[in-house]
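Notes for the structure review
Spelled out, the chains give:
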Amino acid sequence: MTIDITAKIGSIKLRTPVIAASGVWPYSSEFWSGERLEGIGALCTKAISLAPRRGNRGIRLWETPSGVLNSIGLQNVGVKKFVEDYSALVKNCPVPVIANIVMESEADTQETLRVLEDVEGLAAAELNISCPNVDGDGMSWGLSCDSTAKATAAARKAWRAPLWVKMTPQAADPAAVARAAEAEGADAIVCANTWLGMAIDMCSGRPAFGRAVAGLSGPAVFPLALRVVWQVAGAVGIPVVGCGGVTTASDCAGMALAGASAVEVGSAFFGNIGAGRAICDGLPEFIGRYGKERLTEIVGLARIER
């Protein structure tokens, strides 16, 4: 029996449910075609802001026993340079490309989206209201329903294509925040970004990161991310993309059973650039285990009493 692992996020069809999360996929051309994309259904760009950002100083990555802490600080070349340097990569990419957009001021975010509007090949914008490693924007937008609604409404006014909202797991009520984004026109919810954590440098006796706190990703957060997916998928009618600690086919299938239509994979690529292929190779066994022939048939299956 042939198992269909294609996925669908609203109007966007994916050949697999594995999306490379923002921040992990290189802009080198060899990673945007050929065998590097085996198992990959879509690519998220690195964060894009209106003006260039240098990112955070000092240590940016810190390995933990079951994951990694990062404090990159949304370093990027700015939207105009992104268009100049990477439009051809986006246009020629054989899988959908999702533009990860830094939520700054409403006006700045809208201008960023307007500059990107005519970039051929961009399938959607992913509004990042969840980055824990910057001041004044990022995660602060996603902590409450009111600020989430305000951010989503501003982006929706400037962007006609599909709009995904990437929420923070630090929100006190993830389901309510997701509903606020949906009410203002979000086409999908990505849940969630990294969890706040920190590390102490035992040599210096000081926090390892200049900002003290950083974002934790990797296998350690998978059960937490799964819980957020479960809560959000039960609260909204738009597609949910699971994100957080997905490393194996079992993780991907678990996210689907909880209600996620696809998953974003990040830290797993640091250890294995072929993680997308490995996840997809193992998916058919899990889909068949439940007597189904398509991935779409197990989305939310754990929520149904049998």
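Since the model is a prediction, treat every value here as computed from it, not as a measurement.

A short note on the packing of helix 3 (residues 145-158) against helix 4 (residues 174-183)
Axis angle and axis distance: for two packed helices, these are the angle between their axes and the distance between the axes, and together they describe the pair. Two elements in contact, helix 3 and helix 4, have axes separated by 8 Å at closest approach and are oriented at 25°. As judged from the angle between their axes, helix 3 and helix 4 are roughly parallel. The two elements helix 3 and helix 4 meet at a crossing, and its hand is right-handed. Where helix 3 abuts helix 4, its residues Cys145, Thr148, Ala149 and Thr152 lie against Ala176, Val177, Ala180 and Ala181. Of the residues that constitute the contact of helix 3 with helix 4, the class distribution is six nonpolar, two polar and no charged.

Points about the nonpolar core
Formed by 102 residues in total, the largest nonpolar core has its most connected members in Trp32, Leu116, Trp164 and Ile189. When residues of this core are assigned to their parent elements, the largest contribution, seven residues, is made by helix 6 (residues 249-258).

A look at the side chain of Thr64
Secondary-structure assignment places Thr64 in strand 5 (residues 61-64). Classification of Thr64 by relative accessible area gives buried; the value is 18%. Those residues within four positions of Thr64 in sequence are excluded, and the remaining contacts are Leu69 and Leu216.

Some thoughts on the packing of aromatic side chains
In total, this model carries six aromatic pairs according to the counting rule given. Relative to Phe269, the ring of Trp25 lies with its centre 5.2 Å away and its plane at 75°, an arrangement referred to as edge-to-face. Of the two residues, Trp25 sits in the loop between strand 3 (18-20) and strand 4 (42-44) while Phe269 sits in helix 7 (residues 268-271), which places them 244 residues apart along the sequence. Grouping aromatic residues by their ring pairs yields a cluster made of Tyr27, Trp32, Phe82 and Tyr86.

Some thoughts on the pattern of salt bridges
Counted by the stated rule, this structure contains 11 salt bridges. Ionic pairing is found between Lys81 and Glu84, a salt bridge with its closest N-O pair at 3.6 Å. In this pair, Lys81 and Glu84 are both assigned in helix 1 (residues 79-92), three residues apart and thus about one turn of the helix distant. What makes Lys81 partly exposed here is its relative accessible area of 35%. We classify Glu84 as exposed; its relative accessible area is 60%. Linking Glu297 and Arg294 is a salt bridge whose minimum nitrogen-to-oxygen distance equals 3.8 Å. Classification of Glu297 by relative accessible area gives partly exposed; the value is 34%.

Re the sheet that holds strand 7 (residues 97-102)
The strand order around the closed barrel built from eight strands is 3-4-7-8-9-10-15-16, with neighbouring strands paired in parallel fashion. Strand-to-strand twist across the sheet, computed as the mean angle between neighbouring axes with direction ignored, equals 25°. Both strand 8 (residues 122-128) and strand 9 (residues 163-166) contribute to a ladder of four bridges, which runs parallel. Across the sheet, the residue bridging to Asn128 is Lys166, located in strand 9. The strands touched by helix 5 (residues 222-233) within the sheet are strand 10 (188-191) and strand 15 (240-243), with strand 15 carrying the most contacts at an inclination of about 170°.

Quick notes on the rules
Residues numbered from 1 in each chain as written. Predicted model: local features only at pLDDT ≥ 70, side-chain atom pairs only at ≥ 80, totals over all residues. Heavy atoms only, no water. Axes fitted to C-alpha atoms, helices over the stretch in contact; angles between N-to-C directions. Helix = DSSP H or I, 4+ residues; strand = E, 2+ residues; numbered from the N terminus. Parallel < 35°, antiparallel > 145°, perpendicular 65-115°, else oblique. Left-handed = near helix turned anticlockwise from the far one by under 90°. Contact = heavy atoms within 4.5 Å. Nonpolar A, V, L, I, M, F, W, Y, C, P; charged D, E, K, R; others polar. Core = buried A, V, L, I, M, F, W, Y, C linked by side-chain atoms within 4.5 Å. Buried < 20%, exposed > 50% of the residue type's maximum accessible area, 1.4 Å probe, protein only. Phe/Tyr/Trp six-rings, centres within 6.5 Å; stacked < 30°, edge-to-face > 60°. Salt bridge = Lys/Arg side-chain N within 4 Å of Asp/Glu carboxyl O. Pairing = 2+ DSSP bridges.

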